[in-house]
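One-letter residues, chain by chain:
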Amino acid sequence: MTIDNLDSFIADLPKAELHLHIEGSLEPEMMVALAKRNKVAIPFRTVEEVRAAYSFTQLQDFLDIYYQGANVLRAEEDFRDLALAYFQRARADSVRHAEIFFDPQTHTARGLPFSVAIEGLLAGMREAEAELGVTSKLILCFLRHLDEESAFDTLRQAEPWLDRLEGVGLDSSEVGHPPEKFAKVFAAAGERDLKRVAHAGEEGPPSYVYGALDVLHVDRLDHGNRAMEDEILVSRLAREAMTLTVCPLSNLKLCVVDEMDKHPLPEMLRRGLRATINSDDPAYFGGYVNDNYRALAATGRLNRAQFATLARNSFLGSFLPDEEIAKHLAAIDVYTLSR
Ligand code: ADE
Ligand code: ZN
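The model shown is predicted, which means the values in this text are computed figures rather than measured ones. (Residues numbered from 1 in each chain as written. Chains lettered and ligands numbered in written order. Predicted model: local features only at pLDDT ≥ 70, side-chain atom pairs only at ≥ 80, totals over all residues. Heavy atoms only, no water.)

From N to C terminus, the protein chain includes 17 helices and 8 strands. Radius of gyration (C-alpha) of the protein chain: 19 Å, near the 20 Å computed for a compact globule of 339 residues. Projected onto its principal axes, the C-alpha positions of the protein chain cover 50 × 40 × 40 Å. Across the 339 residues in the protein chain, those meeting the buried criterion constitute 58%. Total accessible area on the protein chain stands at roughly 13,100 Å², and carbon and sulfur atoms take up 50% of it. Across the protein chain, the 37 positively charged side chains and the 54 negatively charged ones have centroids separated by 3 Å. (Helix = DSSP H or I, 4+ residues; strand = E, 2+ residues; numbered from the N terminus. Rg over C-alpha atoms; globule rule 2.2 N^0.38 Å. Buried < 20%, exposed > 50% of the residue type's maximum accessible area, 1.4 Å probe, protein only. Areas by Shrake-Rupley, 256 points an atom, 1.4 Å probe, with all protein chains shown as cover. Lys, Arg positive; Asp, Glu negative; His and termini not counted. Charge placed at Lys NZ, Arg CZ, Asp CG, Glu CD.)

A word on the pairing of strand β7 (residues 243-246). What you see with β7 is no split at all: T243 and T245 on one side and L244 and V246 on the other are buried throughout. Two elements, strand β6 (residues 220-223) and β7, share 2 bridges in a ladder whose sense is parallel. Across the sheet, the residue bridging to D222 is T245, located in β7. When β7 meets strand β8 (residues 274-277), the two strands line up parallel, connected through 4 bridges. Along β8, the bridge assignment pairs T243 with R274. (Pairing = 2+ DSSP bridges.)

Let us look at empty space enclosed by the protein. Applying the stated criterion across every chain yields a total of 2 cavities of 30 Å³ or more. As a volume, the largest cavity reaches approximately 100 Å³. Along the wall of the largest cavity there are 14 residues; nearest its centre are H21, L59, L63, S172 and H199. The greatest single-element share of the lining of the largest cavity, amounting to 5 residues, is contributed by helix α4 (residues 59-69). Surrounding the second largest cavity, M31, I42, P43, F44, Y54, I65, Q68, G69 and Y284 form its lining. (1 Å grid on protein atoms, 1.4 Å probe; cavity = no way out; pocket = protein on both sides within 12 Å on 5 of 7 lines; lining within 4 Å. Points joined across faces, edges and corners; volume = space filled by probe spheres on them.)

Looking now at the nonpolar core. Judged by nonpolar contacts, the single largest core of 109 residues is most densely connected at Y284 and F307. Looking at which element gives the most residues to this core, the answer is helix α7 (residues 114-132), with 8 residues. With residues near it in sequence (within four places) discarded, F307 still touches L6, F9, I10, L13, I277, Y293, L296, A297 and L302. Listed in part, the 5 residues of the second largest apolar core include F101, C141, V197 and F319. (Core = buried A, V, L, I, M, F, W, Y, C linked by side-chain atoms within 4.5 Å. Contact = heavy atoms within 4.5 Å.)

This next bit is on helix α1 (residues 3-12). If you check which residues of α1 are buried, you get L6, F9 and I10. Buried residues in α1, looked at end-on, bunch into an arc of 100 degrees, giving them a common side. (Arc of directions from axis to C-beta.)

This part covers the packing of aromatic side chains. Per the counting criterion, the structure on display carries 14 aromatic pairs. Here the aromatic rings of F56 and F62 are separated by 5.7 Å at their centres, their planes lie at 80 degrees, and the arrangement is edge-to-face. Neither F56 nor F62 differs from the other in exposure class; each is buried. Joined through ring pairs, the aromatic side chains of Y54, F56, F62, Y66, Y67, Y284 and F285 make up one cluster. Positioned above the aromatic ring of F319 is the side chain of R220, whose terminal nitrogen or guanidinium carbon lies 4.1 Å from the ring centre. (Phe/Tyr/Trp six-rings, centres within 6.5 Å; stacked < 30°, edge-to-face > 60°. Lys NZ or Arg CZ within 6 Å of the ring centre and 35° of its normal.)

Take helix α10 (residues 206-214) next. Listed in full, the buried residues belonging to α10 are P206, Y208, V209, G211, A212 and L213. Elements in contact with the buried residues of α10: β5 (195-200), β6 and α11 (231-239).

Written out as structure tokens, the structure is:
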């Protein structure tokens, strides 16, 4: 199959997205427009200047600019607009279901009431389902560079919305902030029947992946690249059918991998890992989910059947009920047979 044929197979392949920070879908155009609408000063005059600032050599370089960008989000309507823009873009990539992260502490630290981000996002999610047919779930991420008490405070503030939250996650600066730091708050989330996910092994060592599994009791692992350094860990992840939400363009932009030709995803599949492809922060890393699929297709290291497996994994790794997952898997079968 030629790359062109593979790209067109990817374009309409039904898929789920499981690793998407909604604040990371803030496109420069929307950042500039919201800065104007909300009269917020930003250190850029044009969309081009914003884009030119997106050059990173490690995770922290990106995080500094990402938290600064989020400062233009001020009202429920802003969060609703942000979510809807993402879902429109995702729909164009044949995303049928998305499980999206948000970082409430980024917003409450700026003085926004907790309700603003969550109500705005939930409104956008409802509209996306009604008008675009894209279903979604919301995952509240704790910022790991802050302390566990701040995470607990965030969980307390989320109490009135727990029925509309699918789970909790852990993101931000990884190295120096191991999973163990959040053991108690993740246990509390588990007692509230929330799903648990965590970024681990993006920049952090394999021991952080063990911490996510054994201390945080995660239901899904975000990134997980550095698990590949530990054979025993890889075998365990495969045996436990742990879903890995891998983000190829993010890995390239944050120098987690040197080049796409060396990305571990093909090896992950070979080792029997339930890997998925996701966009992480598409406005910052140069592409939405299909761009991530295509970036790997361009290396010639994965075939059509493997992309279908990746799409299947995205539903298998989702927190949808089994009967919904079965419907999506059947749709992938129909699609694959029709091509
Ligand atoms: N927050 C947004 N994107 C992130 C990433 N890739 N790693 C950690 N924290 C993040
Ligand atoms: Zn992420």
